Amino acid sequence: MTDKKARAEGDGDRDTLGTIINSLFFPFYVVDAQTYRIELINEAARKGRDVGNMTCHLLTHQNPVPCDSEEHGCPMKEVARTGKPAEMVHTHFVDGEPRLFRVHGVPIKDEAGQVVKMIEYSIDITDQTRAEEESRQALSALEEANTAKEQLIHQLSTPVIEVWDRILVAPINGHVDSARGSQIMQALLAACSSTQARGVIIDITGLEDIDENTGAQLVRMSKAIQLLGTRPVISGVSPAVAHTMISTDVALRSIKTVRSLKDGLQWVLPGGQGGGTRDDP
């Protein structure tokens, strides 16, 4: 092969390489391992600028010295140290605007196995990162909304109302299983503690049915309330509920029961049979 033909083929190879790297949509360049100077660069990285003898750190960070910080580690140093490809996240400046890039460094070695150059290419992940952050924020907001919804449902299902100074009413509707009974008890105890309640009316007028388990739950609630120094009374005991209590052997011997909420209020209000005086703690 003649020198002329060899030169022509070499020029053709360089032209082909130039066409390939310029077809890449992301910044791509080859950097000298000693000087950090850019030896080959594509148009996505050049952006029409005259890079001349520019270094990679000056091109991407507008910094006259190589990257050397926890936030911006140097891919070249990592590649030279390990002899293996490296990957880092950097803030690069594109037309004066800071953008987040995932930087990849790939070593080029000589025959002795020493890193002499590095291929560096960068993928702009700014929009992806923003989208992921927005997704995280949206997910967090959704979780907070669900938590608030659950708390609201919990509050609505176990309302505790202060109807008079330190007098509470807890209307119970529907069916009371072990889980709901535990929720109601927690709500009642928290309200008794925070208001230093002197009396609590557990109104079961809206209770759909009562079985041994539900009766036991009512007994536990009432006894727990008594331990806090608060007087409990169960109102709304209908003839059917009373009959069920007797037939299922639910014992409410130590708990005051009354027919209606009005009777319950009369019993726990100051001056009532169970309400004590206005000066009671």
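Residues numbered from 1 in each chain as written. Predicted model: local features only at pLDDT ≥ 70, side-chain atom pairs only at ≥ 80, totals over all residues. Heavy atoms only, no water.

Draft legend 1. Summary view of the side chain of His57. Within the secondary structure layout, His57 lies in helix 3 (residues 56-61). The exposure class of His57 is buried, given its relative accessible area of 5%. Polar contacts involving the side chain of His57 include one to the side chain of Thr55, which spans 3.2 Å. Of the polar contacts made by the side chain of His57, one reaches the backbone oxygen of Val65; its length is 3.3 Å. Each residue touching His57, except ones within four places of it in the same chain, is listed here: Tyr36, Gln62, Asn63, Pro64, Val65, Pro66 and Cys67. (Helix = DSSP H or I, 4+ residues; strand = E, 2+ residues; numbered from the N terminus. Buried < 20%, exposed > 50% of the residue type's maximum accessible area, 1.4 Å probe, protein only. Polar contact = N/O pair within 3.5 Å; in protein donor to acceptor, adjacent residues only side chain to side chain. Contact = heavy atoms within 4.5 Å.)

Draft legend 2. Main features of the pattern of salt bridges. Following the criterion strictly, the structure yields nine salt bridges and no others. A salt bridge links Asp124 to Arg99, with the nearest nitrogen and oxygen atoms 3.0 Å apart. Of this pair, Asp124 sits in strand 5 (residues 115-124) while Arg99 is found in strand 4 (residues 97-109), placing the two residues 25 residues apart along the sequence. A relative accessible area of 14% places Arg99 in the buried class. (Salt bridge = Lys/Arg side-chain N within 4 Å of Asp/Glu carboxyl O.)

Draft legend 3. Highlighting the sheet that holds strand 3 (residues 86-94). With antiparallel pairing, the five strands of this open sheet are ordered in space as 2-1-5-4-3. This sheet does not close on itself; its edge strands, each paired only once, are strand 2 (38-41) and strand 3. Here the strands of the sheet are splayed against their neighbours by 30° on average, with no regard to which way each runs. Summarising the sheet, strand 3 and strand 4 pair through nine bridges and their orientation is antiparallel. (Pairing = 2+ DSSP bridges. Axes fitted to C-alpha atoms, helices over the stretch in contact; angles between N-to-C directions.)

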